[in-house]
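# Coordinates in review
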Amino acid sequence: MARERISQAEEWQAWAQRYDMEGGIRTFESGLTLKVFLGALFVGLLMMPGSIYLQLVSGQTGAGAAPWVAVILFTELARRSFTTARRQELFLLLGLTGAAVGSGLQYRGFIWYAYFVQTPQAESYEIADKIPFWVTPSPDSIAIAERSLLHMDWWTPIWIFLVMRLLGTIRHISAGYFLFRLTADLERLPYPLAPIEAQGATALAETTGRAETWRWRVFSIGSMAGLLWGFLYIGIPSLTGVMMSEPIEILKIPFIDFTPSIEGFAPTGVFALSTDFGQILFGFVLPFPIVMTEFIAAMFTQFFLNPQLYQHEILYQWRAGLDVRGVGLFNGLDFWISANMGKAFSFAIVGLAASVPMLMKFRSARQETTGTRGSLQTPPGRGDFPLWLMAGLWLIGMIGFVWMVHWMVPNFPMKFLLGFAFIYTPLNSYVTARTFGVLGRDLFEIPYIHETTFILSRYEEIDIWFVELPNEDYGRGTQGWRVCELTGTTFTSNIAAHLLIMPILLISGILVWHFIWKIAPIPSAQYPFAQTWWPIYATNECLWKTSLRDGSSQMLQAIRGDYVATGLTGSLAIYGLLWLAKMPSMWFYGIVGGIGADPGMMIPRLIGAIIGRFYMIKRFGLKRWFMFNPVLAAGFTCGVGLIGMGTVAIALVSKAVIVKPF
């Protein structure tokens, strides 16, 4: 029997519908209360340090765990006070907690460039003295020597960051809301993945009532698993690091490198086993075809394709004894940077080819079933704004952004900035908003657009690499407005909450990074993830930032047109074969995404996908399991977060104590 071909829209919506258990509500209430605001302050001042510390120690930001930790504390207080927590309050608390974690991590660039400007890589590539003053102080600055973010040498970079953050907030709120009105209200796009996000607040709001539901039981099981895993993976290294110069790691963070062990039979192959087995839980949630095909493609690459490329002297810089970082760097320069560019272009072509007919077909089907489109008339009580006001705010924010970029790089051609700001960004954002409305994901993105722009502009100064260009994408943010609507939270309270908490988080973020930097140099043995990866990040950054210098840089020489074409045509050929075989598009994204990747990093997710597919579904049934696993994963991140925050708090307090002799 011939397999029936289905579109990408039908495929992804069918997958998302497994999680859509309720159609949302249409009555709206404010979620901004004093309890919520105080809870967000707690998150910003106490949980942000732990998230930053976790990122430096293990590479995990805590962004997924921190919101759940705060909400669990909030709901438990409500239960013991014989009150209830409304889903609107919990939705806002989740959003504010995520904003708090993100706000702290945004200051990472200050510490990164303070390290980067002193590296041997920056010196050898002759860019250490060319990094602009509005990025970081000079290498001989007292502020860097004393590891202090509160020194006056940091005033200019911090002031510029704060202004850009304010302008960015104005642009993203106004443009995201404008596009939401067009796609959700006028075009009636379904946003199939939004109900999944709305489930979190609904699940925990139920726990403050008299009866506990299955959501709370599943969440608790995940939390206990997270507590155990978090203690082994995060807790022991953090606590032993307080007492010893080298922390004890039961499992080496962030991976165990088997690359030197396989070089005898797979030269140029890489295999570094990820030790973050918490990814098993996320393997439960991800589509099985993507996880499996990605792993098979990665195994094929490292154990067959790369050795063949080495025999044909395409991967020619490899030598025995290199670890996964060195092999990855040389393989990239020899072949994979170019091939991955071709892969990226294939994703863009396939996404565009699928998006245009898909969106047109969806519009026709919608008109046939309803006869008319939606309207811009808003539901009562939702807290909407005039579209002209939002358009005006976006225009003010974008003009200010362009002026700031022009002030920082005055010699860069203004036509490129204006083209990005007022032509590319609106069109790209609208396309993304529509694909999120139909698929819940982005299909189309132009790869390496910055690098292409710099080449076309013939601008060879390094300062342009340190600024943000006004090519933004607001379409992703439209789904957040849909989730807000499904939880019944008024738009005005959502905006007001984020604006009220933002200045507090900005100030606390600077203070937290200052304090953590004071404890020990970054990177150092106290921060294993940063010590492992930051040196290789510095090398890669030097390669890119000098890629246009004199037309003879290592990076420019590494980008070969024939290898780019190989990656592009090979990826498109895979898509064509799968299309002829009427296989799901997920296979394409899995296979092409796994080509060139490290299979060791995928093993925890693969284990989770296999357990879910061949045991959990049989044990609980397909529908129940797909109801359980998002809540189970959320509980696990909560448990890991509780352990992480507790041990990090102990570490921070103990390292802050200064012991003086009598």
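Structure shown above.
Residues numbered from 1 in each chain as written. Predicted model: local features only at pLDDT ≥ 70, side-chain atom pairs only at ≥ 80, totals over all residues. Heavy atoms only, no water.

## Quick word on the packing of aromatic side chains
Stated precisely, the cut-off is as follows: Note on aromatic pairs: the rings of Phe, Tyr and Trp (six-membered ring only in Trp) are paired at centre separations within 6.5 Å, and the planes decide the class, stacked below 30 degrees, edge-to-face beyond 60, tilted for the rest. Under the scheme used here, helices are H or I runs from DSSP no shorter than 4 residues and strands are E runs no shorter than 2 residues, and both carry numbers assigned from the N terminus. Each residue is placed in one exposure class: buried if its accessible area under a 1.4 Å probe, protein chains only, is under 20% of its type's maximum, exposed if it is over 50%, and partly exposed if it falls in between. Sitting over a ring, as applied to charges here, requires NZ of Lys or CZ of Arg to be within 6 Å of the ring centre and within 35 degrees of the ring normal.
Within the structure shown, the criterion is met by 35 aromatic pairs. Ring plane angle 75 degrees and centroid distance 6.4 Å describe the contact between Trp154 and Trp517, whose orientation is recorded as edge-to-face. Placement of the pair is Trp154 in the loop between helix H7 (142–145) and helix H8 (155–186) and Trp517 in helix H19 (residues 491–519), with a sequence separation of 363 residues. Take Trp154 and Trp517: they sit in the same class, and that class is buried. Measuring from centroid to centroid gives 5.8 Å for Phe180 and Phe491, while their planes differ by 75 degrees, and the two rings are edge-to-face. Of the two residues, Phe180 sits in helix H8 while Phe491 sits in helix H19, which places them 311 residues apart along the sequence. The two residues Phe180 and Phe491 agree in class, both being buried. Feature note: the residues Trp112, Tyr113, Tyr115, Phe116, Phe466 and Trp534 constitute an aromatic cluster, connected by ring pairs. Note that Arg560 overlies the ring of Tyr563, its terminal NZ or CZ placed 4.3 Å from the centroid. A cation over an aromatic ring shows up here: Arg619 above the ring of Phe620, its NZ or CZ 5.0 Å from the ring centre.

## As for the nonpolar core
For clarity, the threshold we go by: Nonpolar cores were defined as sets of buried Ala, Val, Leu, Ile, Met, Phe, Trp, Tyr and Cys residues, with membership established by side-chain atoms within 4.5 Å. Residue contacts are counted whenever heavy atoms from the two residues lie within 4.5 Å of one another.
Formed by 117 residues in total, the largest nonpolar core has its most connected members in Leu56, Phe116, Ile464, Ile522 and Tyr527. Ranked by the residues each element gives to this core, the list is headed by H19, at 12 residues. Not counting residues up to four positions away in its chain, the partners in contact with Phe116 are Ala122, Ile127, Ile131, Ala538, Glu541 and Cys542. Trp216, Phe219, Met616 and Ala634 belong to the second largest nonpolar core, which has 22 residues in total.

## Observations regarding unusual backbone geometry
Of note, the amide linkage connecting Ile522 to Pro523 takes the cis form, showing an omega dihedral of 0 degrees. The residue Pro523 is located in the loop between H19 and helix H20 (528–545) in this model. In this structure, Glu126 takes a positive phi of about 60 degrees despite not being glycine. Within the secondary structure layout, Glu126 lies in the loop between helix H6 (120–124) and H7. Its identity as a non-glycine residue notwithstanding, Arg147 has a phi of 55 degrees, on the positive side.

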